[in-house]
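Single-letter residue listing:
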Amino acid sequence: MAEKLRFNGRVAVVTGAGAGLGRTYALLLAERGASVVVNDLGGGRHGDGSSTKAADTVVEEIKAKGGKAVPDYNSVEDGEKIIQTALDNFGRVDILINNAGILRDRTFARISDQDWDLVHRVHLKGSFKTTQAAWPHMRKQQYGRIIMTSSQSGLCGNFGQANYSAAKYGLVGLNNTLALEGDKYNIHCNTIVPTAASRLTEDILPPDMFAELRPCLIAPVVAWLCHESCGDNGSIIDSGAGYAAQCQMYRGEGVSLRKRITDDLSIEDVRDSWEKVTDMSKATPLTTIQAATSNLMTVLEELRTAPASGKVVKDKFSYTPRDLIIYALGVGASTKNPDDLRFLYENHEDFAALPSFYIIPGQMVGMFSGLIDNAIPGKTVDPTQLLHGEQFVEILKPISTSGTLTNQCQIADVLDKGSKGAVILMDIDTFDEEGDQVAHSQMTVFIRGAGEFGGRQSSNKQIMCADRPKRKADASRIQATILDQAALYRLSGDANPLHIDPNFASMGGFDRPILHGMATLGFATKHVLELYAGNDPSLVKTIKVRFTKPVLPGHTLKTDMWREGHRIHFETSTIETGNIVISGAYMDLKEVQPAVNLHKVAAESLKCEEMFNDMRKRMEADPATAKKINGVFLYNITKNGQAAGKWVVDLKQCKLYKGDAEPGVKVDTTLTVDDQDMIDITTGKLNPQVAFMKQKLKITGNIMLTQKLQGLLKAQSKL
Ligand SMILES: CCCCCCC[C@@H](O)CC(=O)SCCNC(=O)CCNC(=O)[C@H](O)C(C)(C)COP(=O)(O)OP(=O)(O)OC[C@H]1O[C@@H](n2cnc3c(N)ncnc32)[C@H](O)[C@@H]1OP(=O)(O)O
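Throughout this description, residue numbers start from 1 for each chain and increase along the sequence as written. For a predicted model such as this one, the threshold for reporting local features is a pLDDT of at least 70, and the threshold for listing and counting side-chain atom pairs is 80 or more; totals across whole chains, interfaces and linings nevertheless cover every residue. Hydrogens and water are ignored here; the side-chain numbers use all heavy atoms of the structure.

Draft legend 1. Inspection of the overall build of the protein at higher detail. The helix count covers DSSP runs of H or I at least four residues long, the strand count covers runs of E at least two residues long, and both are numbered beginning at the N terminus. A tally of regular secondary structure across the protein gives 20 helices and 25 strands. Partly exposed residues are those whose accessible area sits between 20% and 50% of the maximum for their type, while under 20% is buried and over 50% is exposed, using a 1.4 Å probe and protein chains only. Taken over 719 residues, the protein has a buried fraction of 50%. Contacts: residue pairs with any heavy atoms within 4.5 Å of one another. For the protein, long-range pairs separated by at least 24 residues make up 70% of all intrachain contacts whose partners lie at least 6 apart in sequence.

Spelled out as structure tokens, the structure:
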């Protein structure tokens, strides 16, 4: 047989050891070699009276069997005195069994303050006082075994025992924390939940059961928990009649009562989820506070990544051919380009909406729904810091040229970009009058300075941009916006003052109003449409762009394009600043229809740009002048066939001034075309690069051909 477990050299304090369970613990530990302090106040079971007899009797019993024991008659409320008895007699304390207890049973309606306080003072305060006194000694010696005594009445509640149940459950809480705090000092604290025949239970339990609930069937369980080889710490052990089982707190799987992190919670939400809240079929033990909290972290993470909530804003958007035309004018469609008539003339046989127009109905509804106002947890969106960040649209069905569309908008996610800001993703589904979905859009709104709210940085809900190929662009298209571009584009509904009101723009940190992102998108996608889709809007499937830098109205947009199968990658920059203003962009086409003169157009566009850049370089090579007039450069230009001396070109303002004049003096000059390369000899029209220069320099006067060129033209027309 295995060697018996011994407690030699250990000093045990057992409170309430004059009878019942406490007496049995004391006898067993002493029998196994422990020196025991037998504490008992000798009072009645209701906490009345006191006597030394109970403790003395047990001490005698122990001694009679050859064990070591001393009596102690103090109340557990004087816990330090009891521990002092151990120290005085045995020099240490290794084991503390908090067993003393009384009953003051009353139904809650009849319970008095005294009934409450007395029970708490003995059970909860008493256990605290003895443990508090023993703790520093146990810490110092790096060893301790503490037992709390709880009760099924505490764990489950029991009629007529409100005071007792509360105190006994309080001991479970004390046990849990002492187990954590004592662990590193090898101090273990465990709780026994005994069901025993004792003077506390003799008239509570049925007589035949009472007979079977001998304390000696529980004492070995408690002694084991007190032994140095027992590793348990923080356990709650239910025991009686030679049976023992661990008790644990369990938590059900639970359910998120909100759908998304940005949702509020109503009482009705709680009611509707109550069945899931209370479902224990997938319950798991609640062991540590870390486990409990990490569960909450998971829930929060899930909330952040959760699909859009049921909070859907629905609204209608009506439009007529006039709206399609105003929109087309706002994004650079022009009668100068005969192909654009289909977007500008309602009687054109192919009159249709530009593909980028499919974004407008949803954007308008999204803007005016107030949906984003409180989308960022703990913050209100500051409209002066709001920028259009990205845009996606998938066209699912062609819209007619007038009608009413229904839009459903919802926040798909809110991202935390730290000190830079917050990003709100808004999903919009657009339906026509027949109930068919015509488009799905995702609008990304960037709110500067609204980050650091503890949110996630990225989202699988975000429709991502695509990197463009690394090679040189396959084609490019250059088109100037006009100074009133934003004023014109506003007529399509985006009345954000950022695009027209200098004061509002300056609150947003801009020198002057900036162009709508959607206007730039309209220009850029039209460039792709012209070069790769034969200007046919029905060929467009999807569009995605990111706005990377603001555009100023009047600046010239250059769209570089790369074809990869049915996907046209594009990137837009402004000539004046060289900034990339749209990046990661693409348009997916049902089929590609390159413009007949694609290579010519592309080459011409590039030539224009090269020429402009060359001019810039030459002007920059004159640093003295550049310095003098602060970013405005000098250029030699001919006027009316004569060298006109020095002229000043303000690249930022796209204006031309006389050499010595200050910027701001407008010049009405005549551009002299004196080079055969500058015109199309068959038509007499300016070559694109010359037209570009003329437009760039805001030369408003006539074009004059040299005699030589006029002769050439005449000769040509005779052919
Ligand atoms: C319901 C209401 C709807 C309202 C719709 C819109 C209404 C319109 O009237 C408003 C407009 O049209 S505004 C004009 C068009 N937009 C712009 O001009 C914005 C241009 N972009 C910028 O200035 C910067 O990119 C800027 C400032 C946006 C970001 O630049 P930085 O602060 O330098 O940030 P950066 O270091 O580049 O990146 C930080 C993180 O943010 C992500 N990010 C950057 N640009 C983004 C953009 N444009 N959209 C979305 N996310 C963007 C980056 O990826 C980075 O995140 P991570 O570190 O996770 O990669």
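After that view of the structure, there is still more to cover.
Draft legend 2. Spotlight on the site of the ligand. Taken together, 31 residues lie near the ligand, and K417, K420, D494, H499 and F547 sit nearest. One of the backbone nitrogen or oxygen atoms of G517 is found 2.9 Å away from an oxygen atom of the ligand. Here, Shrake-Rupley sampling with a 1.4 Å probe gives the accessible areas, and only protein chains in the shown set may cover a residue. For the ligand, whose free accessible area comes to 1200 Å², the fraction covered by protein is 79%. Of all the elements in the fold, those that place two or more residues in the shell around the ligand are α13 (360-368), β12 (386-395), β14 (421-431), β15 (437-448) and β17 (540-547). By convention in these notes, a residue is near a molecule or strand provided one of its non-hydrogen atoms lies within 4 Å of it. We call two N or O atoms a polar contact when they sit within 3.5 Å, provided that within protein one can donate a hydrogen and the other can accept it, with sequence-adjacent residues counted only if both atoms are side-chain atoms.

Draft legend 3. Layout of the side chain of S35. Considering the arrangement of structural elements, one finds S35 in strand β2 (residues 35-39). Under the relative-accessibility criterion, S35 is labelled buried at 8%. Ignoring sequence-local partners within four residues, the contact set of S35 consists of R10, V11, A12, K68 and F90.

Draft legend 4. Broad picture of unusual backbone geometry. In this structure, Q142 is a non-glycine residue whose phi angle is positive, near 55 degrees. Inspection of the secondary structure assignment puts Q142 in the loop between α4 (113-141) and β5 (144-149). In this structure, N186 takes a positive phi of about 60 degrees despite not being glycine. When you line up the elements, N186 lands in the loop between α6 (162-182) and β6 (187-194).

Draft legend 5. Structural detail: the nonpolar core. We define a nonpolar core as any set of buried Ala, Val, Leu, Ile, Met, Phe, Trp, Tyr and Cys residues linked to one another through side-chain atoms lying within 4.5 Å. Core analysis: the largest hydrophobic core is formed by 54 residues, its most contacted members being F357, Y532 and F570. Counting 33 residues, the second largest nonpolar core, distinct from the first, contains L21, I147, V222 and C226.

Draft legend 6. Highlighting α13. Counting buried positions along α13 gives seven out of nine residues, so the element sits mostly inside the fold. Along α13, the positions that sit buried rather than exposed are I360, P361, G362, Q363, M364, V365 and G366. Taken from the residues just after α13, G370 is the one with a positive phi, measuring 75 degrees.

Draft legend 7. Quick peek at the packing of aromatic side chains. Aromatic rings from Phe, Tyr and Trp, with only the six-membered ring used for Trp, were paired whenever their centres fell within 6.5 Å, and each pair was classed as stacked if the ring planes differed by under 30 degrees, edge-to-face if by over 60, and tilted otherwise. The final tally for this structure, using the stated rule, is five aromatic pairs. Ring geometry for F317 against Y319: centres 6.2 Å apart, planes inclined by 25 degrees, an arrangement best described as stacked. Residue F317 shares its accessibility class with Y319, and that shared class is buried. The structure contains a cluster of three or more aromatic residues connected by ring pairs, namely F317, Y319, Y327, F357 and Y489.

Draft legend 8. Structural detail: the sheet that holds strand β19 (residues 567-574). Being paired, for any two strands, means DSSP has found at least two bridges between them. Pairing is antiparallel across the open sheet formed by 10 strands, whose spatial order is β11-β13-β14-β15-β12-β17-β20-β19-β18-β16. Each end of this open sheet is capped by a strand with a single partner; those strands are β11 (313-319) and β16 (475-480). Across the sheet, the axes of successive neighbouring strands diverge by a mean angle of 20 degrees, strand direction being ignored. In terms of strand pairing, β16 meets strand β18 (residues 556-564) through six bridges, oriented antiparallel. Along β18, the bridge assignment pairs A480 with T556. Strands β12, β16, β17, β18, β19 and β20 (580-589) of the sheet are contacted by helix α16 (residues 517-532), whose axis makes an angle of about 50 degrees with β18. Every axis corresponds to a line fitted to the C-alpha atoms, with the helix fit spanning only the stretch in contact, and the corresponding angles, defined between N-to-C directions, vary from 0 to 180 degrees.

Draft legend 9. Seen up close, the pairing of β5. Burial runs high along β5: six of the six residues are buried. Burial along β5 is two-sided: G144, I146 and M148 and R145, I147 and T149, pointing in opposite directions, are all buried. Direction of pairing for strand β4 (residues 95-97) relative to β5: parallel, over a ladder of three bridges. Across the sheet, the residue bridging to I95 is R145, located in β5. Where β5 meets β6, six bridges bridge the pair, whose relative direction is parallel. Along β6, the bridge assignment pairs G144 with I187.

Draft legend 10. Fine view of the sheet that holds β4. Across the sheet, eight strands lie side by side as β3-β2-β1-β4-β5-β6-β7-β8; this open sheet has mixed pairing. Here the strands that pair on one side only, and so sit at the sheet edges, are β3 (68-72) and β8 (243-247). Ignoring strand direction, the axes of neighbouring strands in this sheet form an average angle of 20 degrees. Where strand β7 (residues 236-240) lies against β8, five bridges are found, and the strand directions are antiparallel. Bridge pairing in β8 places S239 opposite A244. Along the sheet face, helix α3 (residues 79-90) touches β1 (11-14), β2, β3 and β4 and points at about 145 degrees away from the line of β3. Where α6 meets the sheet, its contacts fall on β5, β6 and β7, and the angle it forms with β6 comes to roughly 160 degrees.

Draft legend 11. Structural detail: the pattern of salt bridges. By salt bridge we mean one thing: a side-chain nitrogen of Lys or Arg within 4 Å of a carboxyl oxygen of Asp or Glu. All chains considered together, the criterion is met by 24 salt bridges. A salt bridge links E434 to K397, with the shortest nitrogen-to-oxygen separation between them at 3.0 Å. In this pair, E434 sits in the loop between β14 and β15 while K397 sits in the loop between β12 and β13 (403-416), placing the two residues 37 residues apart along the sequence. Salt-bridge contacts for K558 lead to D560; the nearest nitrogen and oxygen are separated by 3.1 Å.

Draft legend 12. A look at the packing of helix α1 (residues 20-31) against helix α2 (residues 53-64). Contact pair α1 / α2: the axes reach a minimum separation of 10 Å and the direction vectors enclose 25 degrees. Relative to α2, the element α1 lies roughly parallel. With respect to the hand of their crossing, α1 and α2 are arranged in right-handed fashion. Seen from α1, the contacting residues are R23, A26, L27 and A30; seen from α2, they are V58, E61 and I62. Three classes are used: nonpolar for Ala, Val, Leu, Ile, Met, Phe, Trp, Tyr, Cys and Pro, charged for Asp, Glu, Lys and Arg, and polar for all others, with Gly counted as polar. In terms of residue class, the contact of α1 with α2 is built from five nonpolar, no polar and two charged. An angle below 35 degrees is treated as roughly parallel, one above 145 as roughly antiparallel, one from 65 to 115 as roughly perpendicular, and anything else as oblique. In this scheme the handedness of a crossing depends on how the near helix is turned from the far one: anticlockwise by less than a right angle means left-handed, clockwise means right-handed.

Draft legend 13. Highlighting the environment of S150. Structurally, the position occupied by S150 is in the loop between β5 and α5 (152-156). S150 sits in the buried class, given a relative accessible area of 1%. Measuring from C-alpha to C-alpha, the distance between S150 and N175 comes to 9.7 Å, with 25 residues separating the pair along the chain. Aside from chain neighbours lying at most four places away, what touches S150 is L155, K168, V172, T191, I192, V193 and P194.

Draft legend 14. A look at helix α8 (residues 219-226). The buried fraction of α8 is high, at six of eight residues. Among all positions of α8, only A219, V221, V222, A223, L225 and C226 are buried. Looking at the buried positions of α8, the neighbouring elements they touch are α1, β4, β5, β6, β7 and β8.

Draft legend 15. Structural context of the environment of L387. Relative to the helices and strands, L387 resides in strand β12. Sequence separation between L387 and H516 is 129 residues, and the spatial gap between their C-alpha atoms is 9.1 Å. Beyond its immediate stretch of four places on either side in the chain, L387 contacts T444, V445, F446, R448, L498, F510 and I514.

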